[in-house]
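Understanding the architecture of this molecule
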Amino acid sequence: MFWSVIAANRRKTVLLIVLMGLLLVLSGGMIGMAFTDVYHPFAVLIGAALAGAVWIAMLLMSLFASDTILLGLSRAHEVSRETYPQLFNVVEEMVIAGALPSMPRIFVVDDPAPNAFAMGKSPEKSCICVTAGLLAMCTRDELQGVVAHEISHILNQDVLYMTVAATMLGSILLLSDIFTRSFRYTSTVRLASRSRRAGGRAAGPLLIVSLVLAVIGPILARVLYFSLSRKREYLADATSARLTRYPEGLASALQKIGESADTLTTAPSATAPFYIVNPYRQHLGNSAFATHPPLEERIRILRAMSLGAGYLDYHRAYVEVTRRREKLFPASELQDVGRVGIREDGQTSAPVRPARTESARRAGDIIRALNGFAFITCPCGLKIKLPPEYREARFVCPRCRRAHLVNRPDGKAVCSVLSGSAVMSRQASAGRAEPLNRSGRGGRDAPMPQEVCYQPGAWQKITCAGCGHEYEISPRFRARRMVCSGCGATIRLAPVHEPDDRSSGIQT
Amino acid sequence: MSTGTVVFIILTGAVLAVLLYIVFAYNALVALKNQIKNAWSQIEVQLKRRHDLIPNLVEAAKGYMAHERQTLENVTRARAQASGAKTVPDISRAETALSSALGQFLAVVENYPELKANQNFLALQEELTSTENRIAFSRQAYNDQVLFMNNKVEMFPSNMVAGMFHFRKGQFFELEEQSGRAAPRVSFG
């Protein structure tokens, strides 16, 4: 039962956060002592209250502003079912699998670096953000793994916990910074005189203790914070495997992300823990100061899950790969979850994936469509993308000189662009009539059908036999016939390298 | 304080504790029952989605697959049977048949490159893939809930409360693995 694992993990997280809070209050108290009279009865209390106030101010600020700041900084656009059906479907599947109370909002960030993050203080109000680079490079299964990882961050309320922890860390750093600075600038004479004023009692040792705490405190807080962050990454990976029942999806997505040369340009450094992989390439490896566990380790754990996709399997793989004996999940919750099997990969039944350049182009188109570009698909095979700055009502195709009306994009235009270019679907419907024509009734609808052999996937010239008009066919041109713009005759194109199609084409 | 009062207090305390436990256990069971109901309605929504999608898919494929009448008819017939099923075991059986018919259909589609390039068909196929995933995931969520409920109903001491208020065990929603997905048999010699 993943919800009980999550609940148990939540208790542990709360414990760690309480520990950080204690550290915060302690360092506040010490600073209070150092600034006022050492033995003043309220010195510790005042310092602690000050520390608390700093933390609460930071917390409120980040809680109320975090969503808008992060989304604004990362240049995110919200997408709907119409604009990117596959992403929307994948998110909806994971919402069902994780029994999330409501559908998160989905954003696409215009950035070539593959990455993703989740936002939202509660599972009811959340959003998921993926970059255009991720969409361009991942298969459906990989995308599903990444989205499941983000959904489990939402399920675990990681954003809330990490915000609380991050602000605590921030205020501890701030306080110790103030303390060490003041210590540096106030001469030891003043401190000595202060201790003398206090009645000659030995204030020295206390001061040394507070000094040590001011140095050690931030380091300790950092270690606590980053170990918390890494724990929650492991948990999100495990939940992702559990939800998708396909650990390989996330593993190969992580691998692709790790191999990509792009780094995220839009991420502010404070937001690093919210991403699926740290956007700032840390070369610290297994250090105590990394927000994320090393990528290779995460991939190896996921790939070592050979027997099942449950938490127990993840835990076994974790122990096997890292040789660490610590408990990721409470043992009592591991008993009955081992029976979750791994499913087959979805590639056999999934639609044919376009090639990588193709999907990169599609992702670029989505961003352009959202930015108000107009799309025209010319019958000559050229896809024209007009920026919103182009104000003319007509546009002449640079290749075939055909004039087009420019339709400024509304919701519908965006859909037609994204569900495949308009001309492609028209060719497809033309292709549907083809088999009938081939079986004896060919040429029924065209005045003068011609047949031209052509090689798909290469630039080439074709001449209309009726009027002598020349056409250049692009490698991406896939239609089986075209209408000559000069004389209106139908030119049927028979591809030469596919034996099946050729034999059936010759019959007509 | 006399011994009588002490005994009285202990007894009242024990009775109160038992009553409190019964109230909590009862509420937990009711919550579980409703969760199961909710999970099942989620499955039904997804199965309905699947049934609505299939005629569109068959319609889109018809023009290309004139020679595969048998496969298309199988899918349509399996769909009709599945949408007529009422009880959980019936639905399981009918949906399994539908899954295998769909699997065959998708295998046949592989032979029609033109169909596979059709944007309309591709969009439908993405919807179908997503729907199949949703069915799988909602089934998993439902079965998790049922397992949890069944453990509660059978295990001591919650089984006593369950027996008192006639909570019954839930039925798992099983779909047998499609034949197309089974590992290929290899024989030597």
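The shown structure was predicted, so the numbers you read here are calculated from the model rather than taken from an experiment. (Residues numbered from 1 in each chain as written. Chains lettered and ligands numbered in written order. Predicted model: local features only at pLDDT ≥ 70, side-chain atom pairs only at ≥ 80, totals over all residues.)

Focus on the overall build of chain A
Each helix and strand counted, chain A has 15 helices and 13 strands in total. Burial statistics for chain A: of 508 residues in total, 38% are counted as buried. In chain A, the proportion of contacts linking residues at least 24 apart, taken out of those at least 6 apart, comes to 66%. (Helix = DSSP H or I, 4+ residues; strand = E, 2+ residues; numbered from the N terminus. Buried ≥ 20, exposed ≤ 12 C-beta atoms within 10 Å, placed from the backbone. Contact = placed C-beta atoms within 7 Å.)

Here we look at the overall build of chain B
Within chain B, the secondary structure is distributed over six helices and zero strands. Within chain B, the proportion of its 189 residues that are buried is 30%. Expressed as a percentage of contacts within chain B between residues at least 6 apart in sequence, the contacts between residues at least 24 apart total 76%.

Focus: the sheet that holds strand β2 (residues 105-109) of chain A
Residues and elements named next belong to chain A. The strand order β1-β2-β4-β3 describes an open sheet built from four strands, whose pairing is mixed. Since the sheet does not close on itself, it has two edges, and those belong to β1 (76-79) and β3 (116-122), each with one partner. When strand polarity is set aside, the average angle formed by the axes of neighbouring strands in this sheet is 25°. The pairing of β3 with strand β4 (residues 125-131) spans five bridges and is antiparallel. The partner of S122 across the bridge, within β4, is K125. Along the sheet, helix α5 (residues 140-155) makes contact with β3 and β4, crossing β3 at roughly 20°. (Pairing = 2+ DSSP bridges. Axes fitted to C-alpha atoms, helices over the stretch in contact; angles between N-to-C directions.)

Some remarks on the environment of E92 of chain A
By secondary structure assignment, the location of E92 of chain A is in helix α3 (residues 85-98). Between the C-alpha atoms of E92 of chain A and M103 of chain A, which are eleven residues apart in sequence, the distance is 7.0 Å.

Observations regarding the environment of L228 of chain A
Residues and elements named next belong to chain A. One can find L228 in helix α8 (residues 204-244). Distance from L228 to L16, taken between C-alpha atoms, is 7.5 Å for residues 212 residues apart in sequence. With near-sequence residues (within four places) excluded, L228 lies in contact with T13, L16 and A165.

Thoughts on helix α2 (residues 69-84) of chain B
Residues and elements named next belong to chain B. The end-to-end C-alpha distance of α2, which contains 16 residues, comes to 23 Å, matching closely the 22 Å that a straight helix rising 1.5 Å per residue would cover. Buried within α2 we find T71, V75, A78, R79 and A82. Along α2, the residues classed as buried sweep out an arc of 105° about the axis, all on the same side. Those residues of α2 that are exposed and aimed more than 90 degrees away from the buried face are R69, Q70, E73 and G84. If you follow the buried residues of α2, they end up packed against α1 (3-62) and α3 (88-109). (Expected span 1.5 Å × (residues − 1). Arc of directions from axis to C-beta.)

Things to note about the nonpolar core
Ranked by internal contacts, the top residues of the largest apolar core, which has 100 residues, are L87, M94, V108, C129, V147 and Y225 of chain A. Top element by residues in this core is α8 of chain A. It accounts for twelve residues. Non-local contacts of Y225 of chain A, meaning those with residues more than four positions away in its chain, are made with M20, A165, A166 and L169 of chain A. Core analysis: the second largest hydrophobic core is formed by 20 residues, Y64, A78, A82 and L122 of chain B among them. (Core = buried A, V, L, I, M, F, W, Y, C linked by C-beta atoms within 7 Å.)

So, α1 of chain B
Helix length check: α1 of chain B, at 60 residues, gives a terminal C-alpha distance of 88 Å against a target of 88 Å (1.5 Å per residue), a fit within 8%. Within α1 of chain B the residues assigned to the buried category are A25, L32, I36, A39, I43, Q46, L47, R50, I54, L57, A60 and A61 of chain B.

Thoughts on the pairing of β3 of chain A
Of all seven residues in β3 of chain A, five are buried; the element is thus mostly enclosed. Counted between consecutive antiparallel strands, the loop separating β3 of chain A from β4 of chain A contains two residues.

Things to note about the packing of α3 of chain A against helix α5 (residues 119-154) of chain B
Interaxial distance between α3 of chain A and α5 of chain B falls to 8 Å at its minimum, and their mutual angle equals 10°. As far as their axial angle goes, α5 of chain B and α3 of chain A are roughly parallel. Between α3 of chain A and α5 of chain B, the residues in contact are P85, Q86, N89, E93, I96 and A97 of chain A and A123, E126, S130, N133, R134, F137, S138, Q140 and A141 of chain B, respectively. Grouping the amino acids of the contact of α3 of chain A with α5 of chain B by side-chain chemistry returns six nonpolar, six polar and three charged. (Parallel < 35°, antiparallel > 145°, perpendicular 65-115°, else oblique. Nonpolar A, V, L, I, M, F, W, Y, C, P; charged D, E, K, R; others polar.)

A few points about the packing of helix α9 (residues 247-259) of chain A against helix α10 (residues 295-303) of chain A
Residues and elements named next belong to chain A. Running from N to C, α9 and α10 point in directions that differ by 160°, and their axes come no closer than 8 Å. The pairing of α9 with α10 is recorded here as roughly antiparallel in orientation. The handedness of the crossing between α9 and α10 is left-handed. In this structure, α9 contributes P247, L250, A251, L254, Q255 and G258 to the contact, and α10 contributes L295, R298, I299, L302 and R303. Partitioned by chemical class, the residues of the contact of α9 with α10 number seven nonpolar, two polar and two charged. (Left-handed = near helix turned anticlockwise from the far one by under 90°.)

Regarding the confidence of the model for chain A
All names here are of chain A. Looking at chain A as a whole, its pLDDT mean stands at 70, while 61% of the residues score no less than 70. Mean pLDDT values over the elements of chain A span from 34, in helix α14 (residues 422-441), up to 89, in α5. Across residues 347-353, confidence stays below pLDDT 50; counting only partners more than four residues off in sequence or on other chains, it has eleven contacts. (pLDDT = per-residue confidence, 0-100.)

Here we look at the confidence of the model for chain B
Residue and element names in this part refer to chain B. With 92% of its residues at a pLDDT of 70 or more, chain B shows a mean pLDDT of 80. Averaged pLDDT values over the elements of chain B bottom out at 76 in helix α4 (residues 113-117) and peak at 87 in α1. Predicted confidence for residues 178-189 stays below pLDDT 50, and this span has nine contacts to residues more than four positions away or in other chains. The ipTM assigned to the predicted complex is 0.71, against a pTM of 0.66.

Some details on unusual backbone geometry
All names here are of chain A. The residue Q157 is not glycine, and still its phi comes out positive at about 55°. Among the secondary structure elements, Q157 is positioned in the loop between α5 and α6 (158-185). The exposure class of Q157 is partly exposed, given the 18 C-beta atoms found within 10 Å. A positive phi is found at R245, a non-glycine position, where the angle reads about 55°. Among the secondary structure elements, R245 is positioned in the loop between α8 and α9.

Digging into the pairing of β4 of chain A
All names here are of chain A. Burial analysis of β4 places six of its seven residues in the buried class, which makes it a mostly covered element. Examined bridge by bridge, β2 and β4 share five bridges and lie parallel to one another. Looking at β4, one finds that V109 is bridged to T131.

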